[in-house]
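Topology and contacts: notes
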Amino acid sequence: MAGQLNLSLRGHRTGLITVSDLVRMVRDTLDAGLGEGWVVGEISNARLAPSNHFYFTLKDSRSSINVVMFKSAFQRMRFKVVDGMEVIVRGRVQVFEQRGALQLYAEEMEPRGVGALQVAFEQLKRRLEAEGLFDRARKRAMPYLPRRIGIVTARGGAGLRDMLRILFDRFPSVQVIFRPARVQGDGSAQEIADAIADLNRDGRAEVLIVGRGGGSLEDLWAFNEEVVARAIFRSLIPVISAVGHEVDYTIADFVADLRAPTPTAAAQIVVPSLVELKERVEALGASLASVMDRELLGQRESVDDLADRIRHPGSIVADARDRVATLDAELADAVSLRIAEGRRSVRELRLRLRSPDAAVRDLRLRTARLRNNLVHGVASALEAKRRLLGAKAGRLDALSPLKVLDRGYSVVINKTNSRAVLDAATVKFDDELDIRLAKGRLSARATGRSL
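For the structure given in this document, a descriptive report is provided here. Worth saying up front: this structure is predicted, and the values here are computed from it rather than measured. (Residues numbered from 1 in each chain as written. Predicted model: local features only at pLDDT ≥ 70, side-chain atom pairs only at ≥ 80, totals over all residues. Heavy atoms only, no water.)

Moving on, we get to the overall build of the protein chain. Helix and strand content of the protein chain: 12 helices and 14 strands. Here the protein chain holds 451 residues, and the buried ones make up 30% of them. A fraction of 60% describes how many contacts in the protein chain between residues 6 or more apart in sequence connect residues 24 or more apart. When the accessible surface of the protein chain is summed, it comes to about 28900 Å², and 53% of that surface belongs to carbon and sulfur atoms. (Helix = DSSP H or I, 4+ residues; strand = E, 2+ residues; numbered from the N terminus. Buried < 20%, exposed > 50% of the residue type's maximum accessible area, 1.4 Å probe, protein only. Contact = heavy atoms within 4.5 Å. Areas by Shrake-Rupley, 256 points an atom, 1.4 Å probe, with all protein chains shown as cover.)

Attention now goes to the pattern of salt bridges. One pass over the full model with this rule turns up 15 salt bridges. When the shortest N-O distance is used, the salt bridge between Arg-201 and Asp-198 registers 2.2 Å. Note that Arg-201 and Asp-198 are positioned in helix α5 (residues 188–202) at a spacing of 3 residues, about one turn of the helix. Its relative accessible area of 62% is what places Arg-201 among the exposed residues. (Salt bridge = Lys/Arg side-chain N within 4 Å of Asp/Glu carboxyl O.)

We now examine helix α8 (residues 263–270). Among the residues of α8, those classed as buried are Pro-263, Ala-265, Ala-266, Ala-267 and Val-270. Elements that come into contact with the buried residues of α8 comprise β6 (148–153), α4 (158–170), β8 (207–212) and β9 (239–243).

So, on to the sheet that holds strand β7 (residues 175–180). Read from one edge of the open sheet, 5 strands run β7-β6-β8-β9-β10, paired in parallel fashion. For this open sheet the edge positions go to β7 and β10 (258–259), each flanked by a neighbour on one side alone. Here β6 runs beside β7; their pairing, made up of 6 bridges, is parallel. Across the sheet, residue Gly-150 finds its bridge partner in β7, namely Ile-177. In the packing of α8 onto the sheet, contacts are made with β6, β8, β9 and β10, and the angle to β8 comes to roughly 165°. (Pairing = 2+ DSSP bridges. Axes fitted to C-alpha atoms, helices over the stretch in contact; angles between N-to-C directions.)

Through backbone hydrogen bonds, the strands of a sheet pair up, either in parallel or in antiparallel fashion. Sheet architecture is open: 4 strands sit in the order β12-β11-β13-β14, paired in antiparallel fashion. Strands at the two margins of the open sheet, each flanked by one partner only, are β12 (419–420) and β14 (441–445). Of the strand pairs in this sheet, strand β11 (residues 411–414) and strand β13 (residues 432–436) are connected by 4 bridges, and their pairing is antiparallel. By the bridge assignment, Val-412 is partnered in β13 with Ile-435.

Here the focus is α4. Each full turn of the α-helix corresponds to 3.6 residues, which orients residues three or four apart in the same direction. The first and last C-alpha atoms of α4 sit 18 Å apart over 13 residues, in line with the 18 Å expected at 1.5 Å per residue. Those residues of α4 lying buried are Gly-159, Leu-160, Met-163, Ile-166 and Leu-167. Buried positions in α4, seen along its axis, are confined to an arc of 140° and lie on one side of it. Residues of α4 that are exposed and point over 90 degrees away from its buried face: Arg-161 and Asp-169. (Expected span 1.5 Å × (residues − 1). Arc of directions from axis to C-beta.)

To continue, consider the packing of aromatic side chains. By the definition in use, this model includes 5 aromatic pairs. Relative to Tyr-105, the ring of Phe-70 lies with its centre 5.8 Å away and its plane at 35°, an arrangement referred to as tilted. Of this pair, Phe-70 sits in the loop between β3 (64–69) and α2 (71–74) while Tyr-105 sits in strand β5 (residues 101–111), placing them 35 residues apart in sequence. Residue classification places Phe-70 among the partly exposed residues on the basis of a relative accessible area of 38%. Within the aromatic cluster, the residues linked to one another by ring pairs are Phe-54, Phe-56 and Phe-74. (Phe/Tyr/Trp six-rings, centres within 6.5 Å; stacked < 30°, edge-to-face > 60°.)

By size, the foremost hydrophobic cluster in this structure holds 33 residues, and its most contacted members are Val-152, Ile-192, Ile-196 and Ile-232. A per-element tally of this core places α5 first, with 6 residues. Setting aside its immediate chain neighbours within four residues, Ile-196 contacts Val-152, Leu-208, Val-210, Ala-231, Ile-232 and Ser-235. Grouped together as the second largest cluster of nonpolar side chains are 19 residues, Val-174, Ala-260, Ala-266 and Val-271 included. (Core = buried A, V, L, I, M, F, W, Y, C linked by side-chain atoms within 4.5 Å.)

The next subject is the packing of α5 against helix α6 (residues 226–234). At a minimum axis separation of 8 Å, α5 and α6 run at an interaxial angle of 10°. Judged by the inter-axis angle, α5 sits roughly parallel to α6. Counting all contacts with α5, which are made through Ala-189, Gln-190, Ile-192, Ala-193 and Ile-196, the residues of α6 involved are Val-227, Val-228, Ala-231 and Ile-232. When the residues that make up the contact of α5 with α6 are grouped by side-chain class, the tally is 8 nonpolar, 1 polar and no charged. (Parallel < 35°, antiparallel > 145°, perpendicular 65-115°, else oblique. Nonpolar A, V, L, I, M, F, W, Y, C, P; charged D, E, K, R; others polar.)

It is worth spelling out unusual backbone geometry at this point. Despite not being glycine, Asn-45 has its phi angle at roughly 55°, a positive value. Turning to its location among the elements, Asn-45 is positioned in strand β1 (residues 37–48). The residue Ser-418 is not glycine, and still its phi comes out positive at about 60°. Relative to the elements of secondary structure, Ser-418 occurs in the loop between β11 and β12.

Taken by themselves, the reported measurements are silent on function.
Take a look at the structure:
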């Protein structure tokens, strides 16, 4: 602020002037001698009037001056002004005639040492974080294979072309719902927020990509606006932010469910590669078939092993019946043989008779004795065979598993490995057991074992 003030009251005809004339002379002198400039100082007594004009005091260690920033200039502010903040103010000094007081009329204001955009970014970030908009607990997982993807970005931008190319290269059948919005300049933040709300009302998209290509902090500023942050927070559809380059962070990145370093990376994240999916499915199918083959082979070997180790009770009974039939046939052969031998003896005796009468008498006697001997012998032999057969049948019957069951015993099979339980230590907790009784079967579950 430069200029030279030259105010003189000498030469007035009467030596007297009014207060209004004096204030007007000061005002005119200031207007003529002082131009617009930058003033540095500390803010105090900051307040926003109902008219949306902003009033504060700018001071240093020795002096202070009242400052007013009219509504039009204040609405261009990117950051929140608070007491104690050191700022640089561009404006013009004028006299407020009603009170005769100096006043600085501000047109622009910047934080001293830090850019206004950076201050606005940090202020909004702290406020939204305190409200819980950045909480990880509220962030949703992305759908693995979305059928429809919503995109909010500028029409015709390089970011849109890159995303579409990658999406259709990776998964040609995916559907894209594009909602264009300006991503830079005045009003762009509201357009982005409206686009997010429109896609939510449409409801077809399963995930949204919101972003643009790289640029300066000013170029990316729409994604640092509160209206965009709250639109992402209200979205019922999961949102991926894809703003700028990998080093660029915006408020939208912190609120979104997932941050992608670039729009290209967002397209790679949101859908898997169809070619890779097919290769993975084929590999998993081959692995599954191999595992099933090994499992079936192991089960077959277990069944064969059990078949070798365990005989069915019906098979044992059938073997016993075959042995009884064999013994019965042997007994019948023995009886037939003794009768045939007796007949041969009778024939020999007849040939040895000297006279018919004596021979007849002797033969009758001998025949009677032989008949008696034969009857007794046959009866004895039959009785002995019957006793032997009864003993063997009793032994077979005693060895029958079914008889063992009749005495109160049971056969326990572990369903887990289909093996007979011979040792309680082989049974694990919660194993299912099949119990065969003399009459019927029971199912049980192991809850413990006693030693």
